[in-house]
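# Observations on chain architecture
In case you want the letters, here they are:
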Amino acid sequence: MLQEVVRVIREGDERGNGMIVRFPFPSGLEIVGLATKNFYGGDWDFGPSWNYLVYADQTFLVDTGRVGMGAALIEMLDIAGVSLADIDSLIVSHGHEDHDGGLCEVATATGAKVRAHQIYERLIRFFPDQAPADVRKDFPASCWHCFMPESFSNEHCLAYHQARNRLQVETVGDGAGSLCEGVRAVHLPGHSPDALAVLVGEEAILLGDTVLPEITPFPTREAFSDPVREILPPAYSSPDSVYGLRAYIRSLKRLDEIARQIPEALALPAHRLFYNRGWNELDLRARIDQILDHHIQRSAHILEILKGGPRTVRELAVEHFPASALEGVGILMGENEIISHCELLFAAGDVGPVDNETYSATGSTHFESLIRSLGSEQGDMTGSGRAGHPF
Ligand SMILES: [Zn+2]
Ligand SMILES: [Zn+2]
């Protein structure tokens, strides 16, 4: 399907950086894909950010690339023959810097309104009086849990956060109505609390980072909900409602149900649509199954290690991941993965805390039935509201 529909407007490099493509659907719908450069390297390279312009009832652009890519994206839109004045809105798939980094530049250049989930609208703001004592008060609520080094955030994030805080955001998703005729935003939290997928009729699903080919999106941690509980609307106050692996898995199940209803829809991911000189066509339901299985395997391996005795998060990361994955910021990403999975294992009753960075196995193995039960009609095994993080 993908390769039958896609038309290349401009070639990119072997990873797809700089690539511009069109998807002219038989119905007349047209989507333009624009791949802007990302900078992560090594084992954690996601490839470029894929931003999508949709000519629907209204013309809108989903995502704007990472910080510094706004001007390049505007130039790419021009090459694709898009008139900037025709863009009605900019939709944020989720508040990660590689997707909304160019937002202020593109909003200024186009005059288009910004639309995002209401969690995004809250978290981009600064709340110096409500920020916990141990976080930087010159950062917005979205970053209170950030585990990247300060040198990184000073270089890449500070100015962007200040500019982002000045944006007016119209909130969408969660039944807030269709974006325009035939287009709907669906809230799929977990990788990010504000993550949206955009459904364009029965023809396309723009996935953001919720499902990607080749790589498994990293989950957030339930513990991230603690500092922002007062900031978010009350509907999102339970720790696993929009953060952590349980929230993410519920979103995968919801997306699977959507994919079941519109099996012909072309699934367009925000990374790796094209990578290593080739297209990655997504069979969405099969890919969701693979990702669920990946989390079951990862949980099983962590539990296996813990059966040998208590381990710190760092020790678990070192035993679980290959050394090459833990170089540089890889160790922080690896620890994040471990903690997300330990939170789920804790919610299942399979691990307990020894101290605030050490886990031990309890002897039970309930995690797989928990994962299978999440988001099911019978209800979750743990229900929503029980904290997964013990510390
Ligand atoms: Zn992301
Ligand atoms: Zn991303």
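Our subject is the structure listed above.
What comes next is a walk through the structure. In this text the structure is predicted, and so the values were computed from the model without any measurement.

### Here we look at the overall build of the protein
Each helix and strand counted, the protein has 13 helices and 17 strands in total. A fraction of 66% describes how many contacts in the protein between residues 6 or more apart in sequence connect residues 24 or more apart. For the protein, the computed accessible surface area is about 15,500 Å², with 47% contributed by carbon and sulfur atoms. For the protein, the distance from the average position of its 32 positive side-chain charges to the average position of its 55 negative side-chain charges is 1 Å.

### Considering the packing of helix H10 (residues 284-306) against helix H12 (residues 330-347)
One can describe the packing of H10 onto H12 by two numbers: an axis separation of 10 Å at closest approach and a directional angle of 85 degrees. When the interaxial angle is binned, H10 and H12 end up roughly perpendicular. Touching His 295, Arg 298, Ser 299, Ile 302 and Leu 303 of H10 are Glu 337, Ile 338, His 341, Cys 342, Leu 344 and Leu 345, all from H12. Considered class by class, the residues forming the contact of H10 with H12 number six nonpolar, three polar and two charged.

### What about the side chain of Ser 299?
On the secondary structure map, Ser 299 appears in helix H10. Within the structure, Ser 299 has its side chain in polar contact with the backbone oxygen of His 295 (distance 2.7 Å). In this structure, Ser 299 is in contact with His 341, Leu 344, Leu 345, Phe 367 and Ile 371, ignoring residues within four places of it in sequence.

### A word on the coordination of the zinc ion (ligand 1)
Working reference: metal with six octahedral donors, ideal angles 90 or 180 degrees; metal with four tetrahedral donors, ideal angle 109.5 degrees. The coordination sphere of the zinc ion (ligand 1) contains the protein donors His 94 (NE2), His 96 (ND1), His 191 (NE2) and Asp 209 (OD), at a distance range of 2.1 to 2.4 Å. Note that the zinc ion (ligand 1) binds four donor atoms; their angles at the metal cover 91 to 169 degrees, and the shape is irregular. Here the zinc ion (ligand 2) and the zinc ion (ligand 1) are spaced 3.5 Å from one another, each receiving a donor from Asp 209. Here His 94, found in the loop between strand E6 (87-91) and helix H3 (97-100), pairs with Asp 209, found in the loop between strand E11 (204-206) and helix H8 (225-228); they are 115 residues apart in sequence, far enough to count as distant. With respect to burial, His 94 and Asp 209 carry one shared label: buried.

### Topic: the coordination of the zinc ion (ligand 2)
Those donors, Asp 98 (OD), His 99 (NE2), Asp 209 (OD) and His 271 (NE2), are the protein atoms that reach the zinc ion (ligand 2), and they lie 2.1 to 2.3 Å from it. Because the angles between the four donor atoms bound to the zinc ion (ligand 2) fall within 86 to 161 degrees, the donor set is best described as irregular. Spacing between the donor residues of the zinc ion (ligand 2) along their common chain follows D-H-x109-D-x61-H. His 271 gets classed as buried once you look at its relative accessible area, which sits at 0%.

### Describing the nonpolar core
A general trend in soluble globular proteins is that nonpolar side chains are found buried together. Ile 205, Val 211 and Leu 284 are the most contacted members of the largest nonpolar core, which totals 48 residues. Counting residues per element, the ones that place at least two in this core are strand E10 (196-200), helix H9 (244-261), H10, helix H11 (313-320), H12 and helix H13 (367-373). With nine residues, the single largest contributor to this core is H10. There are two domains that each give this core at least three residues, and those are domain 1 (2-282) and domain 2 (294-373). Here Leu 284 is in contact with Ile 205, Leu 207, Val 211, Leu 255, Ala 259 and Ala 267, once residues within four sequence places are set aside. Within the second largest apolar cluster, 30 residues are counted, among which are Ala 35, Val 54, Val 172 and Val 200.

### Section: the state of the cysteines
Per the counting criterion, the structure on display carries zero disulfides. The closest cysteine sulfur to the non-disulfide-bonded Cys 146 is located on Cys 143, 5.9 Å from its own sulfur. With relative accessibility at 41%, the residue Cys 146 sits in the partly exposed group. Unpaired in terms of disulfides, Cys 157 finds its nearest cysteine sulfur in Cys 143, a separation of 6.4 Å.

### Considerations on the sheet that holds strand E8 (residues 169-171)
The strand order E1-E2-E3-E4-E5-E6-E7-E8 describes an open sheet built from eight strands, whose pairing is mixed. The strands lining the two open edges of the sheet, one partner per strand, are strand E1 (7-10) and E8. For this sheet, the mean angle separating the axes of adjacent strands, direction not counted, is 25 degrees. Sheet topology places strand E7 (residues 113-116) next to E8; three bridges connect them, and they run parallel. Paired with Val 114 across the strands is Val 169, a residue of E8.

Definitions and limits used
Residues numbered from 1 in each chain as written. Chains lettered and ligands numbered in written order. Predicted model: local features only at pLDDT ≥ 70, side-chain atom pairs only at ≥ 80, totals over all residues. Heavy atoms only, no water. Helix = DSSP H or I, 4+ residues; strand = E, 2+ residues; numbered from the N terminus. Contact = heavy atoms within 4.5 Å. Areas by Shrake-Rupley, 256 points an atom, 1.4 Å probe, with all protein chains shown as cover. Lys, Arg positive; Asp, Glu negative; His and termini not counted. Charge placed at Lys NZ, Arg CZ, Asp CG, Glu CD. Axes fitted to C-alpha atoms, helices over the stretch in contact; angles between N-to-C directions. Parallel < 35°, antiparallel > 145°, perpendicular 65-115°, else oblique. Nonpolar A, V, L, I, M, F, W, Y, C, P; charged D, E, K, R; others polar. Polar contact = N/O pair within 3.5 Å; in protein donor to acceptor, adjacent residues only side chain to side chain. Donors = N, O, S within 2.8 Å, 3.2 Å for Na, K, Ca; no water. Tetrahedral: all angles 85-135°; square planar, octahedral: opposite > 155°, others 65-115°. Buried < 20%, exposed > 50% of the residue type's maximum accessible area, 1.4 Å probe, protein only. Core = buried A, V, L, I, M, F, W, Y, C linked by side-chain atoms within 4.5 Å. Domains from an automatic or database assignment. Disulfide = S-S within 2.5 Å. Pairing = 2+ DSSP bridges.

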